Every structure is written in structure tokens, then in C-alpha cells.
Amino acid sequence: MSMIFGVPLAVLSGQLLIGIINGAFYALLSLGLAVIFGLLKIINFAHGAMYMLGAMVTVLMFNALGVNYWVALFMAPLLVGAFGVVIEYFLLRRIAGQDHIYSLLLTFGVALIIQGVLINWFGVSGLRYTMPDMFKGGINLGFMFMPYYRAWVIVAALLVCFGTWFVIEKTKLGAYLRAGTEDSQLMQGFGINVPLLISLTYGFGVALAAFAGVLAAPIYSVTPVMGSTTLIVVFAVVVIGGMGSIGGAIITGILMGVIEGLTKTFYPPASSAVIFLVMVLVLMFRPSGLFGKEA
Amino acid sequence: MDQSAKIADIHKSIVKEQAAQERKRLMLNAGLLLLLLAAPFAIYPVFLMKILCFALFAVAFNLLFGFTGLLSFGHAAFLAAGGYTTGYLLSNYSGLSTELGIIAGTLAATFLGFGFALLSIRRQGIYFAMVTLALAQLVFFFFVQSEFTGGEDGMHGIPRGHLLGVIDLENNLSMYYFVLAVFIGCYLLVQRIVSSPYGQVLKAIKQNEPRAVSLGYNVDRYKVLAFVISAALAGLAGSMKSVVFQLASLNDAHWHMSGEVILMTLVGGMGTLLGPVIGATFVVNIEYHLSQGPLRDWVDPILGGVFVITVLAFRSGIVGEIQKFIRKNIG
Amino acid sequence: MTMMKKLLTSAIASTLMASGAQAAISNDTVKIGYLADMSGTYRDLAGPNGQSALEMAIADFGGSVKGKKIEIVSADDRNSPDTSSSTVRRWVENENVDMVAGMVASSVSIAVSKILEENDKLGIISGSAASSITNEHCTPNHIHYVYDTYPLANGTASAVVKEGGKSWYLLTADYAFGHSLESDVRRVVEANGGEVVGAIRHPFPTQDFSSFVLQAQASGADVVGLANAGADTTNAITTASEFGVTQSGQTLAALLLFLTDVHALGAQTAQGIQLTTGWYWDMNEETREWSDRFMDKTGVRPTMVHAGIYSSTIQYLKAVEATGSDDAQTVRKQMMDTPINDMFAKNGKIRIDGRMVHDMYLAEVKTPAESKNEWDLYKILRTIPAEESYRPLSESKCKLVNN
């Protein structure tokens, strides 16, 4: 068997593929953050909590009402998105125009509340969720066993990422969005309801996080604390990509998944630290991230 | 004749008022000092020392955040670096007198702070916050991995030892007065820094960095110095904390601690001198009392609520709001 | 004569009073402080339900001991040793707390036991896993009641090796707890003629285990051992099941797994996993009876930690009753002298180092077909006798043991 740095090639290809899958997942999570920051200049520290809510809602809807996975895939983001609109309307709107830092602190507080309340309601050991039957099993690729569900994760994540990028960067709706958030008075003059647009954008951003949460529900342990570590990693991804760059978040997400995957192969203990190392290095040479506009 | 008399009158009254204000401030400070000196007879000294350590931590953080406008999301690293260094030295070199251990811990945090500053100081706003967060995560990673920190068991049984080799710090009262003295010294130092010409430049940088640059200030150098002083004081707080509690743990290095010091500063009033002290007192107290009361299971959501309410309604914090109130209604 | 009689009676009375003062219950109250994680990652292990177990113990004991009332105070330890030590200091120094129960995070347990030693009060630790608590961190003022990492590694690893799982691949949480579990497993596996062919140290916490599971599969080892805890373990098991680890012929062995973890995973995902536990709710009539009462109160089945809190509190109160004292050393000595025989343990003994040694059980998670309800999760394969389970005193580094 051919080896690369003492690692069999087959294992390495498997790790690369896993890296890409995790990367697609990071991309999806970072995308929501990038949309919210890029368009609204809000630093959403509640993103991890929203991701967790997506997963929790999926499990709870299943347990209480028997709502299946496919329905949850639409319902959970919708519900969490609506919750996001409420938060934007009642809380974030009141600090519009203040320093970005305040949005970070406010959403950090919101995240603490959501997480703390859910811990009291549901405990921390996790809720049970079984994978839909059609995804059970997998296919042997020769170099690794590929569960069907992971294949679905990569397809779903990339589709949503690309769709979002396309809508915001290439369509008329996206143009309104970008213009509305950049010069709200002008757009208001054109008869566009800018405050509503802002609420909906925030709602959409957190709905993306919730969508990632639904994808995660069958494969990770669903607990109220699942978002808090993920949050920091995803923030690192967005910062490396350049805060607010939507394409940057997607590409960086995948890149970081791969880098993390390789670290897990060659030096596992560092795999949680490597992203931060990359971030420090990138920002030393490119102060606004890989794809950010120079400040 | 009439005119000049009037001016002299006005002048006199201004001088009088200034003197009165100065007197008031002195009396306030003297009162506070008396209160702090008497406090350990009414309240449990270790708890007071905890408040003082966190107050110092918040004062250090505020020097950077409130007065220079740099939001560091990695200050936990300095708190922990100070605590672990001091703890390690005092546990392993029994002859070492306590203040040397504390100085060594402070120095460790100072060097770490210098490293952080070099890597982060050129970044602006949110990027600065994120670089400091990333660096602090790397430091956390190091502490988790290292044998000497005891990992998640923590470092325990750190001897309090003797101050200057003479005063026995096992006694809670002498420990308290030592911590109080260090705290007051640091507080006065920060007060001095803020009102000095150097402090004025820091404020100018906070208000408008490009203008400070165009006025010919080497802005980066000022910011690095502020960062290093802030890190050193945060490390000192951590060092003292490890001696007071005789333990150091990973909690001090976790990013939640960096968030908590932001909360303390914000609640108390960022950019004011007394604010972080009040904020730390407030946060440590609610955490301590809530965790034993009927709302025991709800401490985190309540802290989150404090964050939200402060940001929405009292952005200038307790002290800031009081100052505003005084200016509006009395001044 | 009367004079003589008077003198005599007063002499007897004063001796009685003196001995009474020595063996008295301070402040006419036995006060128990319950300290546990109420809001963080260890909440479900002990947490608010642990307090229910404690209250049950007091109620079952009759609500008072020797006519003196029993009180509880409780606090969230916030998983922070300094918050915990402030709390416990106030309890023992100002609020006359006699015994502290609960405690999960090892940093908290160690910090609290140091304070109890300073103030000569008693602590009964039920939640912590670290075996260092009665080894290098032992004090004459605490008891470690339910389990520790030593028998976990011992029980599971030796059983699995004996069943033919000779080569092992370990996924170890990269911090002190994981490291010590890993070295214990290595020792046991090698002693039984097996071999550890590889080990990965993964960061704590890790959400996605797919990369590590893939490496474990590629190793071709018979057994994939999980030397981690909590969400790390449940995530690793979920991923292992997704990637078909057991289908491809490898055995999964979890070294620390609680009933709450298995409940979260469900029998579908966790079936066939072998684990060591100190107690299980569905072992016999006695355990079922108690667990039903616990469930009426809390809505969930108890973990071994909950049962341990109940049992240890009863033992403590019995010792207070027998000695008529709540002095830490008197009570601890009495507890050491009395074998424990109740629904939690048979012939359990508290050793000089504070370790309560009792039989442990090797269990296997049932298949969905075998599992009759959501809490019907283990079948007990065999009993591991106490003397085979725990670290022998001859290997102890505890200062109370003369080695």
C-alpha cells in the first residue's frame, strides 16, 4: 500500500473526504453568520444557540408530534427563523447604529438565556433521535465506508450554500438587500420596507444555522450545549474568510474542514487548535481575512 | 470696577466649588477606604478577596476596552497564566516568599501580553477581538495539555506562604490586607495612567484613531503599551487569586471567563474608573448568592438577561448612569 | 452519707456531660450541604435530582436523628473550584454544615476536600470519576463512594479481552482523565494477554468523530475502546454506529458510560456495548422498589450516582445515630467500621483512604428487541468482586496508607 508520511493513501483519501464533508457543514454554519454580518453588520454570537435550537426543535417535533425528518428540514428553520425575526424586532433593532461590539454582547446574552433555559427543561445528556430509515447504511468506496447520510449532508449543505450565494450576489432580490442595508433611506424612498427587510435577513441567517442543526440531529448528540463550542470554531472560519464575505465563508469553511481533517490524521491533539492557529496566521498577513475587503 | 469685582466674585465661587468638589471626592474616597478596611470584620474575607481579584481583573480589562477602545476577547489567558505560574512556583519551591511568586506570575502574563499585542495590535474592531480570542484558545489548549497545570483536576494546595518571608498569609486577615493594598496600588496606578498625558493619547486613539495618527503619535506603540499593562494587571489578579484560593483551574483560562470580564466592565460602566470595580462586585455577588438560592439552577440565563438589559438600557453601566444622572440633575 | 451521695451523683453527671459534649450533635442539628453541577455539562449525573435522592434518604431515615433535626442546604458548583470553595467555606465556617454531599467535577471535589480537611468536616463524593481523589489527593475528611476510573477500566477491559478481544485501538480524550483511563486500560489489556495496537488522543470536547472512527477502522483492531466521557462518548458511539464499526466485526467498549448517556443514545444505537457500572436500577426487587419511588419524584430512572447519594446519606445518618455525634472523625470511623448492606451495595467497605469498595457489574446494552421500555437498557453479564475492582491499597499513594 502506498504511504504518505507514514499514513496509507487509502486512509488519507478517506480523511480528505471526511474533511470535505465537515467543511461543507462548517460552510453552511458560517454562511449564516456571514450573511448577518455582511448585510446587517451584526456580530451574531447567538448563532451557535440557533444551530442548537434547529436540532432541538427537530427532535422535539418528532417526539411530540411525530414530525418526520423531511418536514423538519423545512419546519425547524422556519420556526427558528421566525424566532430570529422576533429577536431582531424586539432587541437588535434598538441598538442599530451603535458600535458592532454591542450586537456581539447582546447576542451573547441571548445565547446564554436560550441555552440556560433549555438545560433546565431538557437536561444535558442529550435527546434521542434516530436516523430516517432511508439513510441507514452506506456504501463501500474501497478506501472507506461512506454512510449515505454523510453523502446527503454534503449535497444538502452545498446546495443551500450555493443557492444563498446566488440569490444574494446575482439576483435582483439580492441587489435590493445589499442596497437596502447599505443606504436604507434611499431604498425607503423607493417604497421598500427596509426594517422588514432587515428583520427577514436576520431571520434568514439564523434559519441557515437551524438548517445545519437539522442536518446534525441524526449524527451528533443533541443537547442544549452543542452550540457553544461550535460557535467559536465557526466564528474563526468566518473571520479567516473575511467577515461578511459570503463566498469567502463558503470556501473557507470547506478549506478548514480539510485542514482540520488532515490534522486529525497527522496530529490529532491539535485538531481543535489548528483553526485558531490558521486564523492568527492569516490575519497577520491579510488583516481583513482571505476574501474580505481591506478596511 | 464693577465688572472686575463681578469677575473676581465668579472666580472665587468657582474656586470654592472646585475645592468643595475636591473635598467631596476625597471624603468619598476616604469613606470607601474605611469601608474596605472594616469590611473583613463584617463579611467573609475570602469572599471579599475574590471580589477584589475580579475587580482588579476588570480594572485591567477596562484600561484596554474602556479607555483605549480595544475589545480583547482573550483576557482569560492572562488571568490563567498569572495564576498557574504563581501556583507552580509556590508549590514547587517552598523557600520562595509569596510576593516573588506573585511577581513572577505577573511577569509571565506581561510577556504573554506582549506576544498577544505584537500579533493583534494592528487589527481593528472585531478582527482585534477575534485574534485575541484565537490566541487565548491556543493558550487554553496549551494549559489543557500541560502536565503541570493538573489538567481538569486543576492545581491544588498552593501554599500561601509568607509575605517578604515574614508575615504569615495563612491568616485570612493579613492575606486580605495584602490583597487590598495591591488592589489600591493598582487602582491608583490606573487612575494615574488615565489622567496622564499618555492616558489622554489613549483616549484620543479611542475617539478617532486616524486623527491621532495625523497628529504624529505612534499609535501602535501606545496601544501595545496599554495592552501590556492591561495584561500584566490581569496576570497579577490571577496570581493573587491563586494564592487566595490556593488553587488554579482551567475555568480561569476558558473563553467564558473572557466574556465574564466584559460583562463586569459593561455592567459597572466602561471607561469609568470605579465602574469595573462596581461591576465585578455586582457580578461576583449575584453569581454567588443566586447559586445558593431558590434560583440556583438559573444563574446562566439570569447573567444573560443582565447582559441584554445592560446593552439595551444602560449602555454606560451603573457608574456611567449615575454620573449622567448627577450631571443632569445636580451639576 | 447524703453528702457523699451528692458528690458521687454530681461526679457521675459531670462525666456523663463531658462525654456527652464530646459526642454531641453540634447546634442540635445535622446539616448537610448538597453541592453539584446544576446548570452545566454534568447536570444530569447528580444535579437537582441528586438532591431529591438526598431528601428521600432523610425522609426514609425518619426526618431526624436522635431527636435532632436534619437540614439541607444546596448550591450550584458551577463546575468551578473557586466558586465551590467559597461556598463550602461559608457552609462549614459560618453555617455549621456537618457534611457535604454530591460533587462531580474532579477539580471541585479536590478543592472541596482540602477545605473540609482544614475545617475537619466530612465530605462524601458521589459523582467524580477521578481515582486520584483517594490516591494522591486523599484526605482523612472525605469518602469517595460510587465508582472511579480504576474499576471501570479494570472491569470492562479484562472482560472484553477474556472474550477474545485481544487487540485494542483507543480513542482517548486528551486531558488528564482520559490519559489516566488510557494507561489503566493498557495495563489491564496487557496483563490479560492482549495488546493495544494504537491510540488517538482527541481534543476535549469533540463533536465530529468520523475521522477518528475511520482511523480506528483502518487499524483492524478487534476492539475500539472509548477512553472518554459524556458527550464525547455518545458522539463517538453514534458515529461508530453510523460508520458500521460493529457490523465490520469490531467490538465497541466504552469505559465510562452512564445510564443517562445510554438513554440519550437509545438501544438502537448503543446495543451490544459493554460497560462497567457500580449499580443499575433494574438489578433486583430492592433496587426496583427504590427506583420506582425515585421516578415518581423526578420522572427519570436514577443513575448510579443518584443511588450512591441516597445510600451514602443513609449510612452517614446511621453512623451519626450510632455514635451520637456529628464530629467528622467519629462519624467517618464509624462508617469505616460498618459494612454497607443496602439496595446500593452488598458488603461494601470504606477503606482508610476513603475509597468505598464494593462489587461492580459488567453490563451490556440490550438490543431494541430485548429492551421493553426506554429505561430498560442493561443486562448484567457478571458481578466483578470488590477486591478485583478497585486499586489495591498496596499500590496507593495516599498519605493515610503506610506503604
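Criteria and thresholds
Residues numbered from 1 in each chain as written. Chains lettered and ligands numbered in written order. Predicted model: local features only at pLDDT ≥ 70, side-chain atom pairs only at ≥ 80, totals over all residues. Helix = DSSP H or I, 4+ residues; strand = E, 2+ residues; numbered from the N terminus. Expected span 1.5 Å × (residues − 1). Buried ≥ 20, exposed ≤ 12 C-beta atoms within 10 Å, placed from the backbone. Contact = placed C-beta atoms within 7 Å. Nonpolar A, V, L, I, M, F, W, Y, C, P; charged D, E, K, R; others polar. Domains from an automatic or database assignment. Axes fitted to C-alpha atoms, helices over the stretch in contact; angles between N-to-C directions. Parallel < 35°, antiparallel > 145°, perpendicular 65-115°, else oblique. Left-handed = near helix turned anticlockwise from the far one by under 90°. Core = buried A, V, L, I, M, F, W, Y, C linked by C-beta atoms within 7 Å.

## A few points about helix 1 (residues 9–40) of chain A
Reasoning step 1: Taking 1.5 Å per residue as the helical rise, helix 1 of chain A with its 32 residues ought to reach 46 Å, and the 45 Å between its terminal C-alpha atoms agrees with that figure.
Reasoning step 2: Within helix 1 of chain A, 26 of the 32 residues are buried, leaving the element largely enclosed by the surrounding structure.

## A closer look at the interface of chain C and chain A
Interface size is often expressed as the accessible area that is lost when the parts come together.
Reasoning step 1: Contacts between the two partners involve 33 residues from chain C and, on the opposite side, 33 residues from chain A.
Reasoning step 2: Sorting the residues of the side of chain C that touches chain A by element identifies strand 8 (195–202), helix 7 (210–219), helix 8 (230–242) and helix 9 (259–270) of chain C as the ones contributing at least two each.
Reasoning step 3: Counting residues per element, the side of chain C that touches chain A draws most heavily on helix 9 of chain C, at 7 residues.
Reasoning step 4: For the side of chain C that touches chain A, the residue count by class is 10 nonpolar, 16 polar and 7 charged.

## Observations regarding unusual backbone geometry
Reasoning step 1: Backbone torsion omega between Phe204 of chain C and Pro205 of chain C reads -5 degrees, so that peptide bond is classified as cis.
Reasoning step 2: Looking at the element boundaries, Pro205 of chain C is found in the loop between strand 8 and helix 7.
Reasoning step 3: You will see that Gln246 of chain B, though not glycine, has its phi angle at about 60 degrees, which is positive.
Reasoning step 4: Mapped onto the fold, Gln246 of chain B is located in the loop between helix 9 (219–245) and strand 4 (247–248).
Reasoning step 5: Phi at Met103 of chain C is positive, roughly 65 degrees, even though this residue is not glycine.
Reasoning step 6: By C-beta crowding, Met103 of chain C is classed as buried, having 33 other C-beta atoms within 10 Å.

## Quick word on the domain arrangement of chain C
Residue and element names in this part refer to chain C.
Reasoning step 1: On domain assignment, one finds that chain C holds domain 1 (28–147 + 284–358) and domain 2 (150–277 + 360–389).
Reasoning step 2: Relative to domain 2, the C-alpha centre of domain 1 lies at a distance of 28 Å.
Reasoning step 3: Looking at the side of domain 1 that touches domain 2 residue by residue, the class counts come to 6 nonpolar, 4 polar and 2 charged.

## What to know about the interface of chain A and chain B
Reasoning step 1: Counting from both sides, the interface comprises 34 residues of chain A and, opposite them, 31 residues of chain B.
Reasoning step 2: Put simply, the parts of the chain that give the side of chain A that touches chain B at least two residues each are helix 4 (100–122), helix 9 (226–241) and helix 11 (274–285) of chain A.
Reasoning step 3: Here the side of chain A that touches chain B gets 14 residues from one element, more than from any other, and that element is helix 4 of chain A.

## Observations concerning the packing of helix 2 (residues 45–65) of chain B against helix 11 (residues 275–290) of chain B
All names here are of chain B.
Reasoning step 1: Look at helix 2 against helix 11: their axes get within 8 Å of each other, and the N-to-C directions meet at 135 degrees. The angle between helix 2 and helix 11 places the two elements in the oblique class. Crossing geometry of helix 2 relative to helix 11 is assigned as right-handed. Across the interface between the two elements, Lys50, Ile51, Phe54, Ala55, Ala58, Val59, Phe61 and Asn62 from helix 2 touch Gly275, Pro276, Val277, Gly279, Ala280, Thr281 and Val284 from helix 11.

## Describing the nonpolar core
Reasoning step 1: Residues Leu28, Ala210 and Met279 of chain A together with Leu56 and Phe57 of chain B are the most contacted members of the largest nonpolar core, which totals 337 residues.
Reasoning step 2: In this structure Leu28 of chain A touches Ala157, Val160, Cys161, Leu208, Phe211 and Ala212 of chain A, once residues within four positions along its chain are discounted.

## Points about the packing of helix 6 (residues 172–195) of chain B against helix 9 of chain B
Packed helix pairs are characterised by how far apart their axes lie and by the angle those axes make with each other.
Residues and elements named next belong to chain B.
Reasoning step 1: As a packed pair, helix 6 and helix 9 sit with axes 11 Å apart at the nearest point and diverge in direction by 175 degrees. Taken together, helix 6 and helix 9 sit at an angle that is classed as roughly antiparallel. Facing helix 6, whose interface residues are Met175, Val179, Val182 and Cys186, helix 9 presents Leu233, Leu236, Met240 and Val244.

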